[in-house]
Amino acid sequence: MSVTLTDQDKLTLRTAAYGAVSLLAAAGAAGSPHRIATEGSIALASATGPIGHVLAAKTRDIKLNGKTVAELADQVLPALTEAMSLLDEQDPAEAGNFRSTVIVAVEAATRTHRGEPSPAVAEMVRKITGALDAASVAPLSGVDRPELQKVIQEIVDSGFTGMTLRVHDERGEWVGSAGRRKLGQTATPPVNGHVRIGSNTKTFTATVVLQLVGEGRIGLDTPVDDYLPEFGLDRRITVRMLLQHTSGVFNFTGDYYPEHVPGIVWSGQEWVDNRFKTYRPEELVRLALSKPARFEPGTDWSYSNTNYVLARLLVEKVTGRSLGEEMRRLILGPLGLSGTVVPDTSPEIPEPHAHAYYRYGEAGRQETVDVTRQNPSWISTGGDMISTTQDLHTFISALMGGRLLPAELLAEMCTPEPKAGYGLGVFVQDTECGGTVITHNGGISGHGALMYSTPDGAKTLTAALNYVDDAELSLAEAFQKATRRLVNEVFCGGQAAD
C-alpha cells in the first residue's frame, strides 16, 4: 500500500465522501434523505484499494447531523479538495479512485430522484465536482517548470498563506500552487480556486465602458454630468478621466492632501465587526463628493475608487441594466468565464477557494479572523469582483488580443498618462529587460490577484494569493517584491531578477 494516512487524514476522507452524499440529501435530491444516504453509502462502501478500506470504516466520528445546507457545504466542499490534495501528493491513482468513488456515490444519490434533479441539486453536484477537480497541482501542459514553483514557494515563505500561479507562454501552460488553503490545514490552495480579485475589477469595468463607447452609447470625452446629473459633478470631468483616474474626485476609501483624510471604515476591528454591512454605490459617491477635490479635473493623476463606482453608475444609467448584467452580456458570456462573479452585496464566494484572513489588535492582544465571507459593497466596483486564474488569463488574453474592443479603443486603453503609466483601466509598465506588460493587480482583505499580459495577449501571468491582512498592510512590501520577481521570471526569463 503506497498511501500513508494519519487518523486525521482518514477522517478528512470519510467526511468528504459521506459529506457529499449528506449534502445532496440536505439539498433535496430526493424525497427520502434516508434513501439517498443508503444509496450513496452503498456506492462508497464498494470502493476498492486502500481508499476502500478507509471508507469502509465506521463513520461514527463524522459529525454531519443537524447542519444546514450552507454549514454542510462549508465543511464538506473544502474537505473534498483537501482529500484530493493529500491523496494526489502520495498516489495519484488513489486520488483518481477516490474521485471516481465520490462521483459514483453522487450519481447513485441523485438517481433516486424521480425526473430531473432540481436546480439546487444540480448546482450542488457542480460544486462537489468542482471541489474534486480543483485540487490537482500537476502542471496542465506537462511541462516541468521548477523555477516557477521555486518562486511561488519563496513568495509563500515571505509571509503569505498560499499562492497559485498560472503562466501561458511559448512553452505552453503551467499551473502551480504552494502554501496552505486554510490556516491549520495542510492542503495547498486549489489551482483554479475562486479569489476576490480586488482592483482587477477596474479592468473589467473599463472594458464594459469602452464596449459601450464602441456601441455609440457613451462618449469617451463627454462630461459625466451629462449622464449622471443627480450628483452635480464638475462639468469638466469626462468619462475618460474616470477611467484614467484624472478626475480629481476624492477616494471614498481615504485620500491624502498630503495629510490623510479618512473615508469609509475598511480596516481594524470596526470593519471586522461590520463586514456584512451594505453600502450602496450612490452612498459611496456622495461621501466622496462631500470632500474637497484633489485637483482640477485633468491636471493630475490620483488613484480613486470613486471613479469606478461612478463608471458603474454610468453603465447602469445608460443601459438600464445592472453592471453585472452588462458584464455577462459583453464579457463573461462571450468568453465563457463561468468562474467570474459580480457579487454586488452577496458575501458568498463560490467553492473551491482559499481562505482570507484579517488580523487586528484588541485589548492588547492580536485577533485573527477568517474574512473570506464579507459583503464587498464597501468597495463596490473599486474592487468587488471574484474570479479564477483561468478566467483572468482568458480575459486579459482576449482583451489584448483584440477580441473585446476595436483596435482604436484598445489603443486608447493602452495609452498611459505620464505620471503613473495608467491607461484606461490598466497600467502600462516597462519590464527590466526592455519589454512592456499590460497589468492590473488587486488586493482585498486577505485575498489578492495578479494579472499581466504582453500587449498582444500571447504571454500571460495570472495568480491568486491568500494571506493574513491587517490595518498596517504589513505584507504590502512583500507583495510588491513578489510581483516584481514573478514578472522578471516570466517576462524576462529571470535575467533581471535580484
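Each remark here, short or long, concerns the structure printed above.
Described below are features of the structure shown in this document. None of these values were measured; they are calculated from a predicted model.

1. Regarding the overall build of the chain
Part 1: A tally of helices and strands in the chain yields 16 helices and 14 strands.
Part 2: In the chain, the proportion of contacts linking residues at least 24 apart, taken out of those at least 6 apart, comes to 72%.
Part 3: Surface summary for the chain: the accessible area is close to 19,900 Å², and the carbon and sulfur share equals 51%.

2. Points about the environment of Thr 164
Part 1: Here Thr 164 is to be found in strand E1 (residues 162-169).
Part 2: Relative accessible area serves as the criterion here: at 3%, Thr 164 is assigned to the buried category.
Part 3: Considered as a pair, Thr 164 and Val 191 are 27 residues apart in the sequence and their alpha carbons are 5.8 Å apart.
Part 4: Ignoring anything within four residues of it in the chain, the contact list for Thr 164 reads Val 175, Gly 176, Ser 177, Pro 189, Pro 190, Val 191, Thr 389, Thr 462, Ala 463 and Ala 464.
Part 5: Separated by 3.4 Å, the side chain of Thr 164 and the backbone oxygen of Pro 190 make a polar contact.

3. Regarding the layout of surface pockets
Part 1: Its boundaries defined by the atoms lining it, the largest pocket holds a volume of some 1,400 Å³.
Part 2: Together, 48 residues line the largest pocket, and Ser 199, Tyr 303, Gly 443, Leu 473 and Gln 480 are the ones closest to its centre.
Part 3: Residue assignment for the lining of the largest pocket shows that the elements contributing at least two residues are strand E4 (255-256), strand E9 (427-430), strand E10 (436-439), strand E11 (442-444), strand E14 (468-470) and helix H16 (476-491).
Part 4: A per-class count over the lining of the largest pocket returns 19 nonpolar, 23 polar and six charged.
Part 5: Counted as a void, the second largest pocket has a volume near 510 Å³.

4. Details of the nonpolar core
Part 1: If you look at the biggest cluster of nonpolar residues, it comprises 76 residues, and the most contacted ones within it are Phe 204, Leu 243, Met 327, Ile 331, Phe 395, Leu 399 and Met 413.
Part 2: Not counting chain neighbours up to four residues away, the residues in contact with Leu 399 comprise Thr 203, Thr 207, Leu 404, Leu 405, Leu 410 and Met 413.
Part 3: Core analysis: the second largest hydrophobic core is formed by 40 residues, Ile 51, Leu 86, Ala 109 and Leu 132 among them.

5. A short note on helix H11 (residues 281-289)
Part 1: Residues of H11 that are buried: Pro 281, Leu 284, Val 285 and Ala 288. Summarising the axial view, the buried residues of H11 lie within an arc of 100°, below the 170-degree limit, and thus occupy one face.

6. A few points about the packing of helix H8 (residues 200-214) against helix H13 (residues 323-335)
Part 1: Two elements in contact, H8 and H13, have axes separated by 10 Å at closest approach and are oriented at 75°. Judged on the interaxial angle alone, H13 and H8 are roughly perpendicular. Together, Phe 204, Thr 205, Thr 207, Val 208, Gln 211 and Leu 212 of H8 and Leu 323, Glu 326, Met 327, Arg 329, Leu 330, Ile 331 and Leu 332 of H13 make up the contact between the two elements.
Part 2: Of the residues that constitute the contact of H8 with H13, the class distribution is eight nonpolar, three polar and two charged.

Calculation notes
Residues numbered from 1 in each chain as written. Predicted model: local features only at pLDDT ≥ 70, side-chain atom pairs only at ≥ 80, totals over all residues. Heavy atoms only, no water. Helix = DSSP H or I, 4+ residues; strand = E, 2+ residues; numbered from the N terminus. Contact = heavy atoms within 4.5 Å. Areas by Shrake-Rupley, 256 points an atom, 1.4 Å probe, with all protein chains shown as cover. Buried < 20%, exposed > 50% of the residue type's maximum accessible area, 1.4 Å probe, protein only. Polar contact = N/O pair within 3.5 Å; in protein donor to acceptor, adjacent residues only side chain to side chain. 1 Å grid on protein atoms, 1.4 Å probe; cavity = no way out; pocket = protein on both sides within 12 Å on 5 of 7 lines; lining within 4 Å. Points joined across faces, edges and corners; volume = space filled by probe spheres on them. Nonpolar A, V, L, I, M, F, W, Y, C, P; charged D, E, K, R; others polar. Core = buried A, V, L, I, M, F, W, Y, C linked by side-chain atoms within 4.5 Å. Arc of directions from axis to C-beta. Axes fitted to C-alpha atoms, helices over the stretch in contact; angles between N-to-C directions. Parallel < 35°, antiparallel > 145°, perpendicular 65-115°, else oblique.

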